[in-house]
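# Observations on the model geometry
Listed here are the chains, written in short residue letters.
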Amino acid sequence: QVQLVESGGGLVQPGGSLRLSCAASGTILRIFGVDWYRQAPGNQRELVASITSSGITNYADSVKGRFTISRDNAKNTVYLQVNSLTPEDTAVYLCNADAVDSLWGRRRYWGQGTQVTVSS
């Protein structure tokens, strides 16, 4: 089936930047829309950015102008460039993909997440 692996998180100072990656592998036939979520301790999971198969993007108001989602279909990878980070951006960032698998058909898949910590 499809596996999603996020990477690129880490500890960064306020105002800093990171580039998160969500790489898909496995028996993939096609990947449709991909979303980035984040979840901070004690908070609900929040949708922060989405990208369709044709590259149309959408962002939560809290990250507009600071985050950029993009995709490289040849690499089955979606990126999230996060800039001007604040402590309020601290969370586990997870990707969710709407994908077609050769064995299971079309379904949504989650990665395990990558931790982003913004602190001085």
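Report on the accompanying structure.

## Side note on the packing of aromatic side chains
- Scanning all chains against the criterion turns up two aromatic pairs.
- Judged by centre distance (5.0 Å) and plane angle (55 degrees), the ring pair of Y37 and W110 falls under tilted. Note that Y37 is positioned in strand β4 (residues 28–39) and W110 in strand β10 (residues 105–110), a separation of 73 residues in sequence.
- Across from the ring centre of Y79, 3.8 Å away, lies the NZ or CZ of R19, which sits over that ring.
- Note that R107 overlies the ring of Y109, its terminal NZ or CZ placed 4.4 Å from the centroid.

## Some points on the state of the cysteines
- Under the counting rule described, the total for this entry stands at one disulfide.
- The disulfide that involves C22 links it to C95, with 2.0 Å between the sulfurs. The sign of the S-S torsion, about 70 degrees, decides the handedness of the disulfide formed by C22 and C95: right-handed. Linking C22 in strand β3 (residues 18–26) with C95 in strand β9 (residues 91–101), this pair joins segments that are 73 residues apart in sequence.

## With respect to the sheet that holds strand β1 (residues 2–7)
- Read across the open sheet, the four strands follow the order β1-β3-β8-β7; overall the sheet is antiparallel. Two strands close off the open sheet at either side, each with one partner strand: β1 and β7 (67–72). Strand-to-strand twist in this sheet, taken as the mean axis angle between neighbours without regard to direction, amounts to 15 degrees.
- Where β3 and strand β8 (residues 77–82) come together, six bridges link them in antiparallel fashion. Counted as the bridge partner of S21 is Y79 from β8.

Calculation rules
- Residues numbered from 1 in each chain as written.
- Predicted model: local features only at pLDDT ≥ 70, side-chain atom pairs only at ≥ 80, totals over all residues.
- Heavy atoms only, no water.
- Phe/Tyr/Trp six-rings, centres within 6.5 Å; stacked < 30°, edge-to-face > 60°.
- Helix = DSSP H or I, 4+ residues; strand = E, 2+ residues; numbered from the N terminus.
- Lys NZ or Arg CZ within 6 Å of the ring centre and 35° of its normal.
- Disulfide = S-S within 2.5 Å.
- Pairing = 2+ DSSP bridges.
- Axes fitted to C-alpha atoms, helices over the stretch in contact; angles between N-to-C directions.

The values reported here are purely geometric and, on their own, carry no functional implication.
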